[in-house]
2 protein chains.
Amino acid sequence: MSQIYDRVALIGLGLIASSMFWAMKRGGLAREVAGYARSAETRQTAREIGLCDVVCDTAVEAVRDADLVVLCVPVGAMGAVAEEIAPALKPGATVSDVGSVKRAVIDAVAPYLPEGVHFVPAHPMAGTEYSGPTSGFAELFDERWTLIVPDGADEDATQQLEALWQGMGALTERMDVEHHDQVCAVVSHIPHLIAYTMVGVADDLRRVSDREVVKFSAAGFRDFTRIAASDPTMWRDVFLNNKDATLDVLGRFSEELFKLQSAIRAGDGEHLHRYFTRTREIRRGIIEAGQDTGVPDFGRIKKAE
Amino acid sequence: MSQIYDRVALIGLGLIASSMFWAMKRGGLAREVAGYARSAETRQTAREIGLCDVVCDTAVEAVRDADLVVLCVPVGAMGAVAEEIAPALKPGATVSDVGSVKRAVIDAVAPYLPEGVHFVPAHPMAGTEYSGPTSGFAELFDERWTLIVPDGADEDATQQLEALWQGMGALTERMDVEHHDQVCAVVSHIPHLIAYTMVGVADDLRRVSDREVVKFSAAGFRDFTRIAASDPTMWRDVFLNNKDATLDVLGRFSEELFKLQSAIRAGDGEHLHRYFTRTREIRRGIIEAGQDTGVPDFGRIKKAE
């Protein structure tokens, strides 16, 4: 693959930024990548493990002369970072981000960006339960979707950013701002909230010991704990900043759950059977779409690769 | 490994029974295994793929002379099957089952069993999203827990059944009836109900297309679809027959969810952050207990092994 940007700045050095760095190195996609993290400890770690070609002590220093600046901080911190770096941005540069919500990020960041700087928001739908500068790896984005939300941005700048994500292994798709936030509420935000709740409930039930919950987790519970172990700060900001869409889907979820609860209480087996049959079809669609395999490993301990 | 039973009868030939057959063959644990399924089509399939040493056309024929009879039918069908086979059971034989709930099964089955027949209920906590006679495989129970619920059964008969499950690769643990049903409501039944609900909600939301839900499922939603694809009849019977424990845990779940919902509405980031930090610890415990690995593959497409 060939170089797509000359100088890239990564603001924030967590899972996504560190994976971007290794993926850019793998593909030879940038001549130089500068990094900045607010915490001196994170910057120190980054220097020790060779994360970024240069680690800067200020965000302003990192973005100077950068052709692409990617904001990789929690959604709630995007506005303050944008305000800080805005005066140092190179004319013609592209600013992007990796936030899981887009309306709130655009509203927070766009007002600070000077004329002549392109803002092309993006959202890589990839993650693990780990966070921090040592958690990244070059393969994180391979075969995963990155949603690009240009919101009227310059076409050339948008295509260049798409080329970068594709070079890092991702599949890309453009989406409108509001639609992005709704789709993500359904496929990601509410599933995470539900998983957090289920794990919290199990922890609260004193009649069933913690030891038992952990020991017998493979029966279904375990699949929830994996997503409920994601970064707390990131997820707090997602829910605070995608309030309308998440509350909307959550309301729908509660209604459905109450209907199933009533069916259990009333002994309405037909309703339950019909519901469970329908959901099975959706699973078949996901396997056919190549987003999972049909290998019968449900509930089994995965071997380290 | 050596033979543990002379003749075993499997009543019902779905995922669990077919996996038991292949696991018993692998370990040489029974001299002869007879099978019976209510559907002629299932019996025909079983004969074609060599599932069971002999496939019988009636349950009575299958259990005659059997030293161990395992009821592998949905929980709601256990009572009728017990009534049918009771007169044909060999004195001194052991009857067991593989149901996911135990109080309801014991109440339905025990009254029919004659004096001198031992009833040792069991619950293998293993499964896949597939069902039917062709879905079984010898490794299904390897390293997975099978809960034994003797409920006062004969000690020798209990130990013999435990040896069989261990021979099939399972870890075994004894549990009281009521405690079993509570533990399973927390670690398995309610997680399944929640997953079914989440998948049903996504299907209902017409503003987000089915295609998008499927396409972007790896962002969290996908983990729910796997458990929401389990056998509808089996799960209908689980909820109808473990009503008290599931409604109890479900009530607790709703309370917690409403608290998180209020926190989102009120913008209470501190509550959300505290909650999400606590659930992360539980995940760490599960990895330490060896019931999952820490390999950072969350949300990634698993390779076929």
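- Per an unreviewed UniProt entry, chain A is named Prephenate/arogenate dehydrogenase family protein, and its organism is Roseovarius rhodophyticola.

**Here's the deal with the overall build of chain A**
Alright, step 1. Across its full length, chain A holds 12 helices and 9 strands.
Alright, step 2. Against the 2.2 N^0.38 benchmark of 19 Å for 305 residues, chain A shows a C-alpha radius of gyration of 21 Å, consistent with a compact globule.
Alright, step 3. Oriented by its inertia axes, the alpha-carbon framework of chain A measures out at about 65 × 40 × 35 Å.
Alright, step 4. When contacts within chain A are restricted to residue pairs at least 6 apart in sequence, long-range pairs at least 24 apart make up 74% of them.
Alright, step 5. Summed over its atoms, the accessible surface of chain A is roughly 10900 Å², and 49% of this surface lies on carbon and sulfur atoms.

**Some thoughts on the pattern of salt bridges**
Residue and element names in this part refer to chain A.
Alright, step 1. Tallied over the full model, the rule gives 36 salt bridges over all chains.
Alright, step 2. Arg 103 is the salt-bridge partner of Glu 178, the closest N and O atoms lying 2.8 Å from each other. Taken together, the residues span a long stretch of sequence, with Glu 178 in helix H7 (residues 177-204) and Arg 103 in helix H5 (residues 103-109) at a distance of 75 residues.
Alright, step 3. Of the residues examined, Glu 178 reaches a relative accessible area of 46% and is grouped as partly exposed.
Alright, step 4. A salt bridge links Arg 252 to Glu 256, with the nearest nitrogen and oxygen atoms 3.3 Å apart.

**Some details on the interface of chain A and chain B**
Alright, step 1. Each partner contributes to the interface: chain A provides 116 residues, whereas chain B provides 115 residues.
Alright, step 2. Summing both sides of the interface, chain A and chain B together bury roughly 11300 Å²; the carbon and sulfur share of this comes to 66%.
Alright, step 3. In this structure, A:Glu173 engages B:Lys215 in a salt bridge whose closest nitrogen and oxygen atoms are separated by 2.3 Å.
Alright, step 4. The tally of links between chain A and chain B comes to 20 residue pairs in polar contact (both at pLDDT 80 or more).
Alright, step 5. Put simply, the parts of the chain that give the side of chain A that touches chain B at least two residues each are strand E8 (145-148), H7, helix H8 (210-215), helix H9 (221-227), helix H10 (232-241), helix H11 (243-266) and helix H12 (269-288) of chain A.
Alright, step 6. Looking at the side of chain A that touches chain B, the element that brings in the most residues is H7(A), giving 21 residues.
Alright, step 7. Looking at the side of chain A that touches chain B residue by residue, the classes come out as 57 nonpolar, 28 polar and 31 charged.

**Overview of the sheet that holds strand E7 (residues 122-124) of chain A**
Residue and element names in this part refer to chain A.
Alright, step 1. Sheet architecture is open: 3 strands sit in the order E7-E8-E9, paired in mixed fashion. The sheet is open, and its two edges are formed by E7 and strand E9 (171-174), each paired on a single side. With direction set aside, neighbouring strand axes in the sheet form an average angle of 20 degrees.
Alright, step 2. Bridge count for E7 against E8 is 3 bridges, and the pairing is antiparallel. Pairing of Pro 124 across the sheet is with Thr 146, part of E8.
Alright, step 3. Against the sheet, helix H6 (residues 155-167) engages E7, E8 and E9, with an angle of about 150 degrees to E9.

**Here's the deal with the domain arrangement of chain A**
Residue and element names in this part refer to chain A.
Alright, step 1. Partitioning chain A into domains gives domain 1 (5-175) and domain 2 (179-288).
Alright, step 2. Once you take the C-alpha centre of each, domain 1 and domain 2 turn out to be 31 Å apart.
Alright, step 3. Opposite the 17 residues of domain 1 that make contact, domain 2 presents 17 residues.
Alright, step 4. Approximately 1300 Å² of surface area, both sides summed, lies buried where domain 1 meets domain 2, with 68% of it carried by carbon and sulfur atoms.

**Some words on the nonpolar core**
Alright, step 1. Formed by 150 residues in total, the largest nonpolar core has its most connected members in A:Ile194 and B:Ile194.
Alright, step 2. Non-local contacts of A:Ile194, meaning those with residues more than four positions away in its chain, are made with A:Phe224, A:Leu250, A:Phe253, B:Ile194, B:Met198, B:Phe224, B:Phe253 and B:Leu257.

**Comments concerning the sheet that holds strand E1 (residues 5-11) of chain A**
Strand pairing in a sheet is mediated by backbone hydrogen bonds. Such pairs are either parallel or antiparallel.
Residue and element names in this part refer to chain A.
Alright, step 1. With parallel pairing, the 6 strands of this open sheet are ordered in space as E3-E2-E1-E4-E5-E6. The outermost strands of the open sheet, each flanked by one partner alone, are strand E3 (54-55) and strand E6 (118-119).
Alright, step 2. Relative to the sheet, helix H4 (residues 78-85) contacts E1, strand E4 (68-71) and strand E5 (94-97), its axis offset from that of E4 by approximately 150 degrees.

**Some details on helix H1 (residues 15-27) of chain A**
Residue and element names in this part refer to chain A.
Alright, step 1. Between its first and last C-alpha, H1 extends 18 Å over 13 residues, near the 18 Å set by a 1.5 Å rise per residue.
Alright, step 2. Across the 13 residues of H1, 10 count as buried, placing the element largely inside the fold.
Alright, step 3. Along H1, the residues classified as buried are Leu 15, Ile 16, Ala 17, Ser 18, Ser 19, Met 20, Phe 21, Ala 23, Met 24 and Gly 27.
Alright, step 4. Packed against the buried residues of H1 are E1, strand E2 (30-36), E4, E7 and H6.
Alright, step 5. Downstream of H1 by a residue or two, Gly 28 has a phi angle that is positive, lying close to 60 degrees.

**A few points about H10(A)**
Alright, step 1. Those residues of H10(A) that sit buried are A:Pro232, A:Trp235, A:Asp237, A:Val238 and A:Phe239.
Alright, step 2. Lining the buried residues of H10(A) we find H7 and H11 of chain A together with helix H11 (243-266) and helix H12 (269-288) of chain B.

**Topic: the pairing of E1(A)**
All names here are of chain A.
Alright, step 1. The element E1 is extensively covered by neighbouring structure, given that 6 of its 7 residues are classed as buried.
Alright, step 2. Bridging between E1 and E2 involves 6 bridges; their strand directions are parallel. Opposite Ala 9, over in E2, you have Ala 34 as the bridge partner.
Alright, step 3. Where the polypeptide runs from E1 across H1 and back to E2, its parallel neighbour, the crossover connection is right-handed.
Alright, step 4. Where E1 meets E4, 4 bridges bridge the pair, whose relative direction is parallel. Residue pairing across strands places Leu 10 opposite Val 70, the latter belonging to E4.

Definitions and cut-offs
Residues numbered from 1 in each chain as written. Chains lettered and ligands numbered in written order. Predicted model: local features only at pLDDT ≥ 70, side-chain atom pairs only at ≥ 80, totals over all residues. Heavy atoms only, no water. Helix = DSSP H or I, 4+ residues; strand = E, 2+ residues; numbered from the N terminus. Rg over C-alpha atoms; globule rule 2.2 N^0.38 Å. Contact = heavy atoms within 4.5 Å. Areas by Shrake-Rupley, 256 points an atom, 1.4 Å probe, with all protein chains shown as cover. Salt bridge = Lys/Arg side-chain N within 4 Å of Asp/Glu carboxyl O. Buried < 20%, exposed > 50% of the residue type's maximum accessible area, 1.4 Å probe, protein only. Buried area = accessible area lost by both parts, 1.4 Å probe. Polar contact = N/O pair within 3.5 Å; in protein donor to acceptor, adjacent residues only side chain to side chain. Nonpolar A, V, L, I, M, F, W, Y, C, P; charged D, E, K, R; others polar. Pairing = 2+ DSSP bridges. Axes fitted to C-alpha atoms, helices over the stretch in contact; angles between N-to-C directions. Domains from an automatic or database assignment. Core = buried A, V, L, I, M, F, W, Y, C linked by side-chain atoms within 4.5 Å. Expected span 1.5 Å × (residues − 1). Right-handed = clockwise from strand over helix to strand, strands pointing away.

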